[in-house]
Every structure is written in structure tokens, then in C-alpha cells.
Amino acid sequence: MHTATDEGATATDAVARFCAATKAADFDAMMETLTPDATLASPLSGRLVFRGKDDLRVLLTAAYGGLSDLRWTERIGDGTRQVLLAEAAVGPFPLTEALVLELADDGRIRKLNPHLRPWLTLTALAVWLAPGLIRHPGVLRRAMRRTPAP
């Protein structure tokens, strides 16, 4: 078991680098921690799956760019499946996140499955994300596909 503290975020592994990059809003560094075919299942819709670094950059920039006071509090697991726990705020609303990660053989993040609460904050987050995502209709269209295009 690991703890995702500020000091631990300076380590060289992709998960620690992801934590540091999200806190610093360093989206280039964040993208370096992902595999080219990385996916994220939307916790807001339950149906949208964002695929690939280009689409994830749009989503993660909007999502993590809208948070304040982000603090990764714990990292659980040390194998190919790990969980990060975080606290943050969306405007005046507190947010807690459990981010389940699946890692590729090379240690980079292949799959992100966020679990966010409470409901009121999720609503505020959806309102915050909408303008950023609407500017990229192709990202939303691709996320609605059941399987990736060949």
C-alpha cells in the first residue's frame, strides 16, 4: 500500500507522476503517463467512454482544470490495478474521488475509472465541463461509440 502524499508524487512511476501532474495542472505531463489507447469511463453519464490521448486531453483538461484544492490522499495497491483517493472542490462544493487505475505492462495508465461524490458536486462538475466539451463535438461523438472504430 502506498500513500499519495505530496512527497510521494515526486517518484518516477506513472501513477505518482499522474498525481503530481493533476495537482500542477500540467496536462502535457499528465498525457505522458497514459498509454496511447487509454480509456476513461465517464462517471457522469455511465455510458460515455473517452478513448485515446487526444480525447482524454480534452476531457482531463476540462475536468482537472475545474478543480481547486486537489489533494491525493491515498494510493492503494501496487500491481496492475491501483486506486487513488482524492479530495478537491468544484467551486464551493467539496468533491471526493476514488480513481481506479489499470496499468499497462510498461507501468503507464491504460484505464481510468473515476468514482465521484457527492451528487450536488457532480451536478456542478457537469455544468462546468459542458462548455469545454461542447466545443469538441467529435470527442463526445467518439465517446458515445460502444467500441472503438477500427
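For the structure itself, look to the data block above.
### Side note on the overall build of the protein chain
(1) Moving on: In terms of regular secondary structure, the protein chain is built from 5 helices and 6 strands.
(2) Moving on: Starting at the N terminus and walking to the C terminus, you meet the elements of the protein chain as α-α-β-β-α-β-β-β-β-α-α.
(3) Moving on: By the burial criterion, 42% of the 150 residues in the protein chain qualify as buried.
(4) Moving on: In the form shown here, the protein chain has an accessible surface area of approximately 8,100 Å², with 58% of it arising from carbon and sulfur atoms.

### What to know about the nonpolar core
(1) Moving on: Membership of the largest hydrophobic core comes to 40 residues, with the highest contact counts inside it found for F18, Y64, W72 and L112.
(2) Moving on: At 7 residues, the largest contribution of residues to this core is made by helix α3 (residues 52–65).
(3) Moving on: The contact partners of L112, leaving out residues within four places of it in the chain, are F18, L34, T39, L40, A41, L56, L99, V100 and L101.

### Here's the deal with the pattern of salt bridges
(1) Moving on: Counted by the stated rule, this structure contains 7 salt bridges.
(2) Moving on: Linking R108 and D106 is a salt bridge whose minimum nitrogen-to-oxygen distance equals 2.8 Å.
(3) Moving on: Here R108 falls in the partly exposed class, since its relative accessible area comes to 25%.
(4) Moving on: Members of the salt-bridge network, linked through shared partners, are R81, E102 and R110.

### Thoughts on the sheet that holds strand β4 (residues 81–90)
Strand pairs in the sheet, formed through backbone hydrogen bonds, run parallel or antiparallel to each other.
(1) Moving on: The 6 strands are arranged β2-β1-β6-β5-β4-β3 in an open sheet whose pairing can be described as mixed. A strand with exactly one partner marks an edge of an open sheet, and here the two such strands are β2 (49–51) and β3 (68–76). On average, each strand axis in the sheet is tilted by 20° relative to the strand beside it, whichever way the strands run.
(2) Moving on: In terms of strand pairing, strand β1 (residues 34–41) meets β2 through 3 bridges, oriented antiparallel. When the sheet's bridge partners are listed, T39 is paired in β2 with R51.
(3) Moving on: Across the face of the sheet, helix α1 (residues 14–24) comes into contact with β3, β4, β5 (93–103) and β6 (109–117) while running at roughly 165° to β3.

### Points about the layout of surface pockets
(1) Moving on: In this structure, the largest pocket encloses a volume near 360 Å³.
(2) Moving on: Mapped by element, the contributors of at least two residues to the lining of the largest pocket are α3, β5, β6 and α4 (119–134).
(3) Moving on: Looking at the lining of the largest pocket, the element that brings in the most residues is α4, giving 6 residues.
(4) Moving on: Class assignment of the residues belonging to the lining of the largest pocket gives a composition of 21 nonpolar, 2 polar and 1 charged.

### Considerations on helix α5 (residues 137–144)
(1) Moving on: Where α5 is concerned, the buried positions are G138, V139 and A143. Projected onto a plane normal to the axis of α5, the buried residues spread over an arc of 135° and lie on a single side. What points out from α5, more than 90 degrees from its buried face, is the exposed set R141 and M144.
(2) Moving on: As for α5, its buried residues are in contact with β2 and α3.

Reading guide: rules and limits
- Residues numbered from 1 in each chain as written.
- Predicted model: local features only at pLDDT ≥ 70, side-chain atom pairs only at ≥ 80, totals over all residues.
- Heavy atoms only, no water.
- Helix = DSSP H or I, 4+ residues; strand = E, 2+ residues; numbered from the N terminus.
- Buried < 20%, exposed > 50% of the residue type's maximum accessible area, 1.4 Å probe, protein only.
- Areas by Shrake-Rupley, 256 points an atom, 1.4 Å probe, with all protein chains shown as cover.
- Core = buried A, V, L, I, M, F, W, Y, C linked by side-chain atoms within 4.5 Å.
- Contact = heavy atoms within 4.5 Å.
- Salt bridge = Lys/Arg side-chain N within 4 Å of Asp/Glu carboxyl O.
- Pairing = 2+ DSSP bridges.
- Axes fitted to C-alpha atoms, helices over the stretch in contact; angles between N-to-C directions.
- 1 Å grid on protein atoms, 1.4 Å probe; cavity = no way out; pocket = protein on both sides within 12 Å on 5 of 7 lines; lining within 4 Å.
- Points joined across faces, edges and corners; volume = space filled by probe spheres on them.
- Nonpolar A, V, L, I, M, F, W, Y, C, P; charged D, E, K, R; others polar.
- Arc of directions from axis to C-beta.

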